[in-house]
Amino acid sequence: MLDIKTLNLDFIVDNERHSVLKNLSLTVPSGATLGIVGESGSGKSVTAYSVMGLLPKTAEVSGDILWKGQNLLDYTEEQWASIRGSEIGLIFQNPQAALNPVFTVANQMIETIMLHQHLSKEQARATAIELLEKVNITNAADRIDDYPHQFSIGMCQRIMIAMTVSMRPKLLIADEPTASLDVTSQQQILRLLTEVKSAYDMDLIIISHDMAVIAEHCDYVAVLYLGEVVESGKTDSIFKNPKHAYTKKLIDAIPKISFL
Amino acid sequence: MTKKLLFSILYLTTLLIAAVCVPFFSQDPTLIDMAQLGSPQPPSLSHWFGLDDLGRDIFLRSIYGARVSLTVAFVAVGISLCIGVLVGIISGFFSGLVDAIIMRLIDTLMAIPTLFLILIVQVMLKPSIVTVMVVIGVSSWMGIARLVRAEVLSLKERPFVSACKARGLSQRRIIFKHIFPHTLNPVIVAATLGMGGAILLESVLSFLGLGVQPPHASWGNMLENSLGFLRDAPWMALIPGCLITLTVLSLNFLGDGLWVLIDPKARENNVRHKDS
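Residues numbered from 1 in each chain as written. Chains lettered and ligands numbered in written order. Predicted model: local features only at pLDDT ≥ 70, side-chain atom pairs only at ≥ 80, totals over all residues. Heavy atoms only, no water.

(A) The arrangement of the pairing of strand β1 (residues 2-13) of chain A in detail. All names here are of chain A. Pairing between β1 and strand β2 (residues 16-28): 9 bridges, direction antiparallel. Residue pairing in the sheet places L9 in a bridge with L21 of β2. The loop that links β1 with its antiparallel partner β2 comprises 2 residues; one of these, D14, has a positive phi angle of about 50 degrees. (Pairing = 2+ DSSP bridges. Helix = DSSP H or I, 4+ residues; strand = E, 2+ residues; numbered from the N terminus.)

As structure tokens, then:
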């Protein structure tokens, strides 16, 4: 349902134009998982932010971001607000920083749920606890009243996933969801994302710099290099037969276990 | 907790309790004792702080003066907090042109000497405790606005603000529910220090006859009243003078103490971790 066509993005800082995305085109086929892969500064996160309309004022965008046939770039701030969360959900890199430290998890989840569904406070709380149980927070009914700093980073990411899923988006964008996690939690979070994707019938975009993550969890992949898509297609074919030198390098960068 | 802070809290609590409770226990402080009229009496066992030239009990008048001073402090600081926080948040959050206009306006207002501005306003209006509170409040919000603006400027770049936006929360909700509580720490300190300033300003105005009007008691007009008796009855000037000094000093110590207590670096060690 998401179709990005020839997206150009520049940041204008002190009257100087810095090109960030060049003629970027991406499609997320219905029901599929797309992986966006590339090194730091290749424009992965900025792509996610432009789909959510979260770019800073210094950004200048042109091109089309088609969502259900409508160009999001023509949207007003109110129209953006109406699709944020309820149509497209975003999961952030650093989950602990993405939660407001002065409110309990319950407070923030109930606020989110009540904004998007017509539920009473008690119903919203019950829904929130149910969702936290689904993302494997043990003792969710008690833990929900804790503050974000009382959870580990992995748990915060589960909470963010639960909170984002509670808004029932059609498309979930996970912006390096495992960047700040250890290897075991990484696997658990990625598995959880794939699970909720099929349970709630969403499309999924996983942004990562780790080819191994993409290989395991994505149907399609787009390789980003200096703001350009250098290669895209089905994950299998790209891994078997990478055409671009940069893709080859990325694949070679996956650490392999070798025995001496 | 330092001794200074402990002393300030004890002193201010005592003063507050006395000021709140005094009307339940005593007669009218403006009552004139005809038998004692004419010459002030020094402190004695029956009148702890002595009597003034109209035979009024100075202890009682001091506590009624505390009522005035504390009310002025709370209400004036309340007014300046409301204006300052609102202006600061708007200025910081929207930045750009709005911010530039508001900041230049604040610069202009700050360049005007507050005392003279208040004097002029008080001369034009009919001076009373209400006008004193409003005028002090309306003329002292600029510092708080700058403080809040600086906080908001850095807060709005924090990831949780983008996360709130990504959840479709309205701008108003993000500003007032999610950003506002984070600005409270410096604001509480500034408000405590501001209360000392407000008490001092009220005393100055009443001393000049442009604040609380006699026969109502206020520390400022008690001082003014004592001017004619400085040689014969120095306690009439010393008592309200000491009270003003002690109260303002205590509020400043309290502000400094709070600052240390809520400084995030000092708190860091107490963060509880419940990892799984």
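(B) Structural detail: the environment of B:Y11. All names here are of chain B. Within the secondary structure, Y11 is located in helix α1 (residues 3-25). Given the relative accessible area of 14%, Y11 is considered buried. Placed 94 residues apart in sequence, Y11 and L105 show a C-alpha to C-alpha distance of 39 Å. Look past the residues within four positions of Y11 in its chain and what remains in contact with it is L243, L246, T247 and S250. (Buried < 20%, exposed > 50% of the residue type's maximum accessible area, 1.4 Å probe, protein only. Contact = heavy atoms within 4.5 Å.)

(C) Spotlight on the interface of chain B and chain A. On the side of chain A, 31 residues touch chain B, which itself brings 23 residues to the contact. Summed over the shared surface of chain B and chain A, the number is 2 salt bridges. For the salt bridge of B:R173 with A:E111, the shortest nitrogen-to-oxygen distance reads 2.5 Å. There are 11 residue pairs in polar contact (both at pLDDT 80 or more) connecting chain B and chain A. For the side of chain B that touches chain A, the elements supplying multiple residues, two or more each, are α7 (159-166) and α8 (171-179) of chain B. For the side of chain B that touches chain A, the leading source of residues is α7(B), giving 6 residues. The class makeup of the residues in the side of chain B that touches chain A is 8 nonpolar, 7 polar and 8 charged. (Salt bridge = Lys/Arg side-chain N within 4 Å of Asp/Glu carboxyl O. Polar contact = N/O pair within 3.5 Å; in protein donor to acceptor, adjacent residues only side chain to side chain. Nonpolar A, V, L, I, M, F, W, Y, C, P; charged D, E, K, R; others polar.)

(D) Fine view of the sheet that holds strand β4 (residues 59-67) of chain A. Residues and elements named next belong to chain A. Read across the open sheet, the 4 strands follow the order β2-β1-β4-β5; overall the sheet is antiparallel. Single-partner strands in this sheet number two, and they are β2 and β5 (70-71). Direction of pairing for β4 relative to β5: antiparallel, over a ladder of 2 bridges. Residue L66 lies in a different strand from β5, and its bridge partner there is N71.

(E) Representation of the sheet that holds strand β7 (residues 171-175) of chain A. Residues and elements named next belong to chain A. An order of β6-β7-β8-β3-β9-β10 is seen for the 6 strands of this open sheet, with the pairing classed as mixed. With one partner strand each, in any of the chains shown, β6 (88-91) and β10 (228-234) form the two edges of the open sheet. Shown here is a sheet whose adjacent strand axes are inclined to one another by a mean of 15 degrees, direction ignored. Sheet topology places β7 next to strand β8 (residues 203-208); 5 bridges connect them, and they run parallel. Paired with L171 across the two strands is D203, which belongs to β8. (Axes fitted to C-alpha atoms, helices over the stretch in contact; angles between N-to-C directions.)

(F) Local environment of the packing of helix α4 (residues 105-116) of chain A against helix α5 (residues 121-134) of chain A. Residues and elements named next belong to chain A. α5 packs onto α4 with a crossing angle of 110 degrees between their chain directions and a minimal axis gap of 9 Å. The angle between α4 and α5 places the two elements in the roughly perpendicular class. Between α4 and α5 the crossing geometry is right-handed. Within the contact between the two elements, α4 uses V105, A106, M109, I110, I113 and M114 and α5 uses K121, A124, R125, T127, A128 and L132. Partitioning the contact of α4 with α5 into residue classes produces 9 nonpolar, 1 polar and 2 charged. (Parallel < 35°, antiparallel > 145°, perpendicular 65-115°, else oblique. Left-handed = near helix turned anticlockwise from the far one by under 90°.)

(G) Spotlight on the packing of aromatic side chains. Throughout the structure, instances matching the rule amount to 5 aromatic pairs over all chains. Between the aromatic rings of A:Y49 and A:F92, the centroid separation amounts to 6.4 Å while the plane-to-plane angle is 40 degrees, which identifies the pairing as tilted. In this pair, A:Y49 is assigned in helix α1 (residues 44-52) and A:F92 in the loop between β6 and α3 (95-98), connecting sequence segments 43 residues apart. A:F92 gets classed as buried once you look at its relative accessible area, which sits at 5%. Ring centres of A:Y225 and A:Y246 lie 4.2 Å apart, and the angle between their planes is 35 degrees; this geometry places the pair in the tilted category. Here A:Y225 is found in strand β9 (residues 220-225), whereas its partner A:Y246 is found in helix α11 (residues 245-252), with 21 residues between them in sequence. Overall, the relative accessible area of 10% leaves A:Y246 in the buried class. Sitting over the ring of A:F103, B:K177 keeps its end group 4.8 Å from the ring centre. (Phe/Tyr/Trp six-rings, centres within 6.5 Å; stacked < 30°, edge-to-face > 60°. Lys NZ or Arg CZ within 6 Å of the ring centre and 35° of its normal.)

(H) Highlighting the confidence of the model for chain B. Residues and elements named next belong to chain B. For chain B, per-residue confidence averages 85 on the pLDDT scale, and residues scoring 70 or more make up 92% of the total. Long-range and interchain partners of residues 268-276, a stretch whose pLDDT sits below 50, account for 13 contacts in this model, where long-range means more than four residues apart. The ipTM value of the predicted complex is 0.86, and its pTM value is 0.80. (pLDDT = per-residue confidence, 0-100.)

(I) Structural view of unusual backbone geometry. Residues and elements named next belong to chain A. The backbone of K68 shows a phi angle near 55 degrees, a positive value even though the residue is not glycine. Positionally, K68 belongs in the loop between β4 and β5. Look at K68 and you get partly exposed, because its relative accessible area is 44%. The phi torsion at E176 lies on the positive side, around 40 degrees, for a residue other than glycine. With respect to the secondary-structure elements, E176 resides in the loop between β7 and α8 (183-199).

(J) Expanded view of the nonpolar core. Core analysis: the largest hydrophobic core is formed by 83 residues, its most contacted members being A:L2, A:I88, A:L132, A:I161, A:I173, A:L193 and A:I205. Sequence-distant contacts of A:L132, that is, excluding residues within four places in its chain, are made with A:V105, A:M109, A:I137, A:A140, A:I144, A:I159 and A:A162. Core analysis: the second largest hydrophobic core is formed by 25 residues, B:Y11, B:A191, B:W219 and B:M236 among them. (Core = buried A, V, L, I, M, F, W, Y, C linked by side-chain atoms within 4.5 Å.)

(K) The arrangement of α8(B) in detail. Those residues of α8(B) that fall on the buried side of the exposure criterion are B:I174, B:I175, B:K177, B:H178 and B:I179. Where α8(B) is buried, its residues contact α4 of chain A together with α2 (58-94), α6 (142-155) and α7 of chain B.

(L) Representation of the pattern of salt bridges. If you walk through the whole model with that rule in mind, you get 12 salt bridges over all chains. Residues A:D146 and A:R143 are paired through a salt bridge, measuring 2.7 Å at the closest nitrogen-oxygen approach. Taking relative accessible area as the criterion, A:D146 reaches 10% and is therefore assigned buried. Salt-bridge contacts for B:R146 lead to B:D107; the nearest nitrogen and oxygen are separated by 3.2 Å. Separated by 39 residues along the polypeptide, B:R146 in helix α6 and B:D107 in helix α3 (residues 96-111) bring together distant segments of the chain. The exposure class assigned to B:R146 is partly exposed, which follows from its relative accessible area of 32%. On the basis of relative accessibility, which here comes to 28%, the residue B:D107 falls in the partly exposed class.

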